[in-house]
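# An overview of the molecular structure
Below, each chain spelled out in residue letters.
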Amino acid sequence: MVLKKKKVLDVGRIVLDQHQLARLRCIVSVEENGLANLLLECTQLTDGIQQLCLLKKSAITSNRGDDVRNSQSATCMEILVRIYWGLESRSPLKRATASALSGIPENLKEEVVSCLISCLKEEMLVVDKSHVRKVIDSIAACMENFSLVLQFLHTALMDYKLQNKNLSGQHILQNKLMHDLLAALKTAMVLVQKVQEKIRDILCRNTQPSLRKTMCGLLTCFIEILLDGDFLQTVQNTAGMAALLFIKTVVDHDELLPKLVHDLLFNSIQRGRDVPEWLFQSCEQLYSAPPPDDVVLFLSQGILAMLDWKGGKMREGGERLLLDILIVLLSLNIRLKESSMTMSVSRNLSLWTTSALDALHVDTCSWYLKNSLNGNSEAIQKLLEYIWTHWEHPLDGVRHQTKTIFNNILKIHQETIDDSCVLTDPFFLNMTHNLLSLEWHIKGKYVLLGCLVENLGTEHILTVDNSIPEQVLGMNLEQSLATYATDLLEKMFVSHKNQLMSSSQSGDWNKQWHEIWVSPFLMKLCEENPSRPTYIIEGYLPKLLKCNPDSLTYMIKELQSSDKASNIDPFNNRGALGALMTCLRAARAQGLWSTAEESSWDQLIPISLIKQALVHKHEQVRLDALGLLCETRCSTETLSQQEIALIKYFLPYNMNSQSPAMRQQIVWLMKKFFSRLRDSSQVLYKQTQTVKQKNTLCEENTKSQHAEHQLQQYKDFMVWICDTLLQALFPGASFPRKFIVLSLLGIIAEVFENLEGQTYRVMQITDVLRPANVDALLGCLSSTFEELKLLAYDILKKLPPTVLGLQDSEKLQTLLQTALDLSISTKPYDCITASYLLALLVRQESLMSALNACSLKQQTGYHFDYLNKVHGRQPMNNEVLETNVLEVTKYLLICLSDELRQAERSLVHTAASNPLYGRVHCIIGALQQLSLKSVLKIAEWRETVAELILMAFHLSAIVSPICQSSSPEGLIPMDTDLETARNLQKILNEIKPRDTNDYFAHAKLLKSDEDQELSKNASEDCKPSENLSVAMMDQAGQSCQVTAQMVLVCCWRSMKEVSLLLGFLCQNLPLQSTPDLKDGLLMFHQVGEIGEYFKCQLLQSRHRGAFELAYVGFVKLTEMLTSCKNSDLQKLPQQWLEEVLHEVKSSIPTSKLCATRRSAGIPFYIQALVSSEPRGSNMSLLKLTMKELISLAIPSSICQDENATIPQVHSLNILRALFRDTKLGENIIPYVAEGIQAAILGFTSPVWAVRNSSTLLFSALITRIFGVKRGKDEHSKKNRMTGREFFTRFPTLYPFLLKQLEMVANTMDSDSGVLKLHPNLFLLLLVLGRLYPSPLDGTSSALSLAPFVPFIIRCGHSPVHRSREMAARALVPFVAVNQILPMAMSLMETLPAATDLHIRQNHIHGILLQILNFSGK
């Protein structure tokens, strides 16, 4: 029995004005009326739940209206309608009111309808634009008087279009407007679909001339929205469907409709006589000029979705339209490359196959359509080509639609052939053979084979190849294939089982089924090395047992047989014991057997085998045995005594596991075990209480005694396990031991906490904790591993002060002083300890007295009158926490201010004695304990926040010169202190940073001999220090050496903490609503200042630690700006982006922007701004950025001066960061082809910096295209794709790579014999070598690969051995399967004869390598 917190439902409240209340009271006073009484009582209540109950009663009362006077009933109905209209659309009260109205008597229905229409008219006359969405929602719920509704929707759509033009850059308001517009479009569609026949009848009889005008006006609005690129694609798509629906509704001739739609879609400039005038005027923009590709796509979806393909009423015109739409969609697939467009094309193709299937089901379907949709027809073959190139598309939605398309193709082909020859049909046989001939690493192969199984059955597949189960299980180590493989296997063995059961040999099906699906699995499971992951096996076994639970008996019998156990080497493999544990674990998790009775263990498996598995050599066997004990289907299943004993046996031997994965698994499984113990204890306790409350039989008393005995066993076990864990926290315990101990203690504290409504609790962790244990937990906070600090802190914060011993003021003060001392330690992990200590102490009520004592001891001048603050009353917990956090923050600010003044005098002394970053880190940790959006002391917090921001800027100004230096790793700055400056003069003469990028224009020259002689004669004061360190005195008066590394650590960590602090404030502080009001903690001008700070740090910092963490804080700022409601703040990201792009474009050698260090923080800055756009937007910032960067990255033949070099370097580095950013997802894919071109062309630059950046960009693009490397084999097909798929995704690379390859090949055959290596040779062959041929590739592809062949062959003549190897490998995918032998023969003919005078061994070797690679194909 799992206890969950009750969800509070907000149902709203009914409120009537005084006039309506007076009318109700008048009815009640004149005559007794049940409905009026209920309504009056309902309006007088203040609780919405109670009102809901009364409304449900009114639904019953409204049905009894026969004995009530009509005038009174009509008044009650009118008031009920007013209540319905005034409620929110999703309110339960509105649904209850609708139920009451739906049950009214027949004599009152006309009155209710007229009242609804009257209310609708009043609503639509409201001018307030914020009220429009509520009216639309009301219209969607009430569809009477549709003419008036259509007029209102027309007005609303016109108003939305005007509003959209004025909201550019305001993402929040624009997003809301798009949703409102979408609701209006959908409401119009729903309305027209419901009253379609009425509209046609009115238009035919011409009884309402205004209706046709309204319909045409709405159609015009739909077309304008469709052509306006400022709207979201979802809105445009819906507008396209709405436009086709309205055209279909107005046109009353079904045979004429496909021709009109065909002319509209294909832009027939010469309008025919049969095109109505109203249609031409409404869609004039589509007739006057060819529509854009995206508009054609949206119209195509509208045609496929809105026209009736099942009825067969459109006849030949509809069939022609259907086939032409397929041609349009396939051509759009080549031209549209945005991820959203690719998704829409795949969705439309899937919809097309569904429509084609509907058209084939019609009895009047023509033979022409059947022949055109046969599996061997041109249309279906083109669809199959689309499947081959998109079945492994990066978008999940595209892959899913590809599966649907293929499934529909199989059904379409079945409709075009005779049912009796399905299994022998050549199309199905060839398809099966082709798919099985593919490599098993292709995910799409599993999906399409699953479709074949669903349509043809498993026996058809096994007839072609009966070794499929072994082959699929052989891919067990591939995690990315696990889901696909297990889904295929499940479909196959489920289908095979059904086929065997329905066959004549149904009696022997079980044995045959086990031999095919279970026996190979058991052998693979036993032979598998348990140290290697088994992804497919883990997913396959539960599905196998679910399909046939009787297989468990077969598995146990097979694994316990002597021959099975003896043939497996248990030292290198899982063995029969490990396989048995795996099978039993899966079976118990499926609920196939339980341990409710003690004897069930002995009946199934000996306990000695489980003990042996719990301490097995292989970790996976131990985990399976533990999972067997912990994982059950029912969370309330009682723990047996044997299970408890086995857990006690397991834990001591596995508490110090060195494997991180095993530690995580142990913690996860033990959490299940503890949760089961808690839930089953509730059931047992309930049994004991039931017996005590009433007289029961002897048998039930026995059960009660047994339950009490089990509860005592539970308690003894939990006490034992807590004692065992706490004893393991001894001094010097290893990290793995502490991790498991702290994790399990944290789970115990979480699982057995005192929840509200919990009837019984086995124990609390406070029951077993002693002072020595608490000290051990506190000692874990000082660990060097932050993971252990966090685990210990999570336990400690749940303990009361009496257990922690913090009611002792001396101990509390000692801990506080320790935290304050650690916050200025020179060891970075000490400040983390200080942060956790302060986070723990701010929850204590007596912290203020300890803080005052520490302040007096250190003489900081801080004083807090905590006695007067509480005014003699007991403060609440949240008040104590807020006060403590506020005062600790103030105290740390005071300390930090003194340290900043010291840092201004001597930064070196500060780095040696009290680094600044620890204080800031502790401030962040203290603020994280409080919800800053709901604080009570607004004025004090606003003042403190202002001080924090100013402190952050001050601290940054002190340390930023180090991080912004061109060589921050070896710099010790000049201090204002004369003595310190004298000591550092030698080092400063050694380190002379130059913050310019002039090295692009001027080469650095080495010193001449004369200069070196002058350096030798220089004064001794200018000689560099040998050890680059300076002796300093710390606060304790002890001598310490200060190195440049110590200063750098102090500076960049301080910058890091400042950036994180500012980001935290932007993310968590409430922002003021308007510039004039001071209702928030963060002011508008402060947001601008923080933005300028991040801009300065990201664009000028040279240290990676500084600008990487500044990026984290800046991302939080941009997220806040995107979601805020102020339009000026929303426009800041776009403004900053335009400024930095201009700065990058105009970079010169003397610019402060860092062109080394991969452009330092510039890519991070632009990356944060671009990724700040909300999802679902048109990604205008990304489009702007990529357009500018691509133009800078691709060098122009006209302008090649040195001033263009630095912008090119910056653009290449920024592009690399954007292509690597996972937040941009598939939105960056359309720019991959241009990125490849920029990288390859940049590799030919004479400037090394450009070549270096191009290499990095090329590497990022290869990863983006082919995926992260998933194996050690460089030539594995896991990270490759077919040539057809590659050039279909990136068609612009086809001519570019061909031209570049021709240029490279022309440098190979040199008669002089001089070595000439083109810079692009390696990159081109690397790309082409990542492609591989597919048996599914035909010769009908528009992008023929034949032109590449002669150039690749010539590249095989390279004098470089590596180039010849890559050329031989790259040649393989460009030669069709049926052309391999002729190509090999032609290559053999090019070999020189023995009598030739000029024989080049490199040429011979290159040709032989190419022939050798063909043999592997």
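Residues numbered from 1 in each chain as written. Predicted model: local features only at pLDDT ≥ 70, side-chain atom pairs only at ≥ 80, totals over all residues. Heavy atoms only, no water.

### A look at the overall build of the chain
Across its full length, the chain carries 69 helices and four strands. A separation threshold of at least 6 residues defines the contact pool for the chain, and within that pool the share at least 24 residues apart is 75%. For the chain, the exposed area adds up to about 64,600 Å²; of that, 52% sits on carbon and sulfur atoms. (Helix = DSSP H or I, 4+ residues; strand = E, 2+ residues; numbered from the N terminus. Contact = heavy atoms within 4.5 Å. Areas by Shrake-Rupley, 256 points an atom, 1.4 Å probe, with all protein chains shown as cover.)

### What to know about the environment of Trp 278
Locating Trp 278 in the fold gives a position in helix α14 (residues 277–282). Residue class for Trp 278 comes out buried when judged on its relative accessible area of 15%. The spatial distance from the C-alpha of Trp 278 to the C-alpha of Lys 213 is 8.9 Å, given a sequence separation of 65 residues. Setting aside its immediate chain neighbours within four residues, Trp 278 contacts Arg 212, Cys 216, Leu 219, Ile 247, Val 250 and Val 251. (Buried < 20%, exposed > 50% of the residue type's maximum accessible area, 1.4 Å probe, protein only.)

### Considerations on helix α44 (residues 828–841)
Here α44 is 14 residues long and its end C-alpha atoms lie 21 Å apart, about the 20 Å a rise of 1.5 Å per residue gives. Along α44, twelve of the 14 residues are buried, which leaves the element largely enclosed by surrounding structure. (Expected span 1.5 Å × (residues − 1).)

### Some thoughts on the packing of helix α26 (residues 482–502) against helix α29 (residues 535–547)
Between α26 and α29, the least distance of the axes is 9 Å, while the angle of their chain directions is 25°. What the angle tells us is that α26 and α29 run roughly parallel. Between α26 and α29 the crossing geometry is right-handed. Across from Ala 482, Ala 485, Thr 486, Asp 487, Leu 489, Glu 490, Phe 493, Val 494 and Lys 497 in α26, the residues of α29 making contact are Tyr 535, Ile 536, Gly 539, Tyr 540, Lys 543, Leu 544 and Cys 547. (Axes fitted to C-alpha atoms, helices over the stretch in contact; angles between N-to-C directions. Parallel < 35°, antiparallel > 145°, perpendicular 65-115°, else oblique. Left-handed = near helix turned anticlockwise from the far one by under 90°.)

### Overview of the nonpolar core
In terms of nonpolar packing, the biggest core is built from 417 residues, with Trp 352, Phe 406, Phe 521, Phe 674, Phe 1286 and Leu 1297 touching the most fellow members. In terms of residues, this core owes the most to one element, helix α53 (residues 1044–1068), which gives 13 residues. Not counting residues up to four positions away in its chain, the partners in contact with Phe 406 are Leu 384, Ile 387, Trp 388, Met 431, Leu 435, Leu 448, Cys 451 and Leu 452. (Core = buried A, V, L, I, M, F, W, Y, C linked by side-chain atoms within 4.5 Å.)

### Overview of helix α62 (residues 1248–1266)
The first and last C-alpha atoms of α62 sit 27 Å apart over 19 residues, in line with the 27 Å expected at 1.5 Å per residue. Buried residues along α62 sit against α60 (1205–1220), α61 (1232–1242), β3 (1281–1282), α63 (1283–1289), α65 (1321–1329) and β4 (1331–1332). Once α62 finishes, Gly 1267 follows within two positions and takes phi at roughly 90°, a positive value.

### Quick look at the side chain of Arg 663
Secondary-structure assignment places Arg 663 in helix α37 (residues 660–693). For the buried Arg 663, which has no salt bridge, the nearest side chain bearing the opposite charge is Glu 787, at an N-O separation of 6.4 Å. Among the polar contacts made by the side chain of Arg 663, one reaches the main-chain carbonyl oxygen of Gln 658 at a distance of 3.5 Å. If we ignore the near neighbours within four places in the chain, the residues touching Arg 663 are Ser 657, Gln 658, Phe 735, Pro 736, Phe 739 and Ile 740. (Lys, Arg positive; Asp, Glu negative; His and termini not counted. Salt bridge = Lys/Arg side-chain N within 4 Å of Asp/Glu carboxyl O. Polar contact = N/O pair within 3.5 Å; in protein donor to acceptor, adjacent residues only side chain to side chain.)

### With respect to the packing of α29 against helix α30 (residues 551–559)
To describe two helices that pack against each other, one gives the angle between their axes and the distance between the axes. α30 packs onto α29 with a crossing angle of 125° between their chain directions and a minimal axis gap of 8 Å. Considered as vectors, α29 and α30 are oriented oblique to each other. For the pair α29 and α30, the contacting residues are Leu 541, Leu 544 and Leu 545 in the first and Ser 551, Leu 552 and Met 555 in the second.

### Examining the pattern of salt bridges
This model, assessed by the stated rule, comprises 33 salt bridges. A salt bridge links Arg 399 to Asp 396; the shortest N-O distance between them is 2.1 Å. Linking Arg 399 with Asp 396, this pair stays in helix α21 (residues 396–416), spanning three residues, or about one helical turn. Take Asp 396: its relative accessible area is 52%, and that puts it in the exposed class. Within the structure, one salt-bridge network assembled from shared partners comprises Arg 585, Asp 624, Glu 631 and Lys 672.

### Regarding the packing of aromatic side chains
This structure, assessed with the given rule, holds 30 aromatic pairs. With a centroid separation of 5.3 Å and an interplanar angle of 65°, the aromatic rings of Tyr 1093 and Phe 1094 are classed as edge-to-face. The class of Tyr 1093 is buried, set by a relative accessible area of 7%. Residue Phe 1094 is classed as buried on the basis of its relative accessible area, which comes to 0%. (Phe/Tyr/Trp six-rings, centres within 6.5 Å; stacked < 30°, edge-to-face > 60°.)

### Concerning the confidence of the model for the chain
Across the chain, the average pLDDT comes to 81, with 80% of residues at or above 70. Of the regions scoring below 50 in pLDDT, residues 65–69 engages in four contacts with residues more than four places distant in sequence or in other chains. Per-residue pLDDT stays below 50 along residues 983–1028; that stretch engages in 58 contacts with residues further than four places along the chain or on separate chains. (pLDDT = per-residue confidence, 0-100.)

### Overview of the environment of Phe 493
Inspection of the secondary structure puts Phe 493 in helix α26. A residue is classified by how much of its surface remains accessible, and Phe 493, at 0% relative accessible area, is buried. When sequence neighbours within four positions are dropped, the list of residues in contact with Phe 493 reads Trp 513, Trp 517, Tyr 540, Lys 543, Leu 544 and Cys 547.

### Here we look at the environment of Ser 531
Mapped onto the elements of the fold, Ser 531 is located in the loop between α28 (519–527) and α29. Given the relative accessible area of 59%, Ser 531 is considered exposed.

### Some points on unusual backbone geometry
Phi at Ser 1159 takes a positive value of approximately 65°, unusual for a residue other than glycine. Its location among the elements puts Ser 1159 in the loop between α57 (1132–1145) and α58 (1162–1170). Taking relative accessible area as the criterion, Ser 1159 reaches 0% and is therefore assigned buried.

### Re the state of the cysteines
The full count for this structure, using the stated rule, is zero disulfides. Cys 283 carries a free sulfur, and the closest cysteine sulfur to it, the one in Cys 216, is 9.0 Å from it. (Disulfide = S-S within 2.5 Å.)

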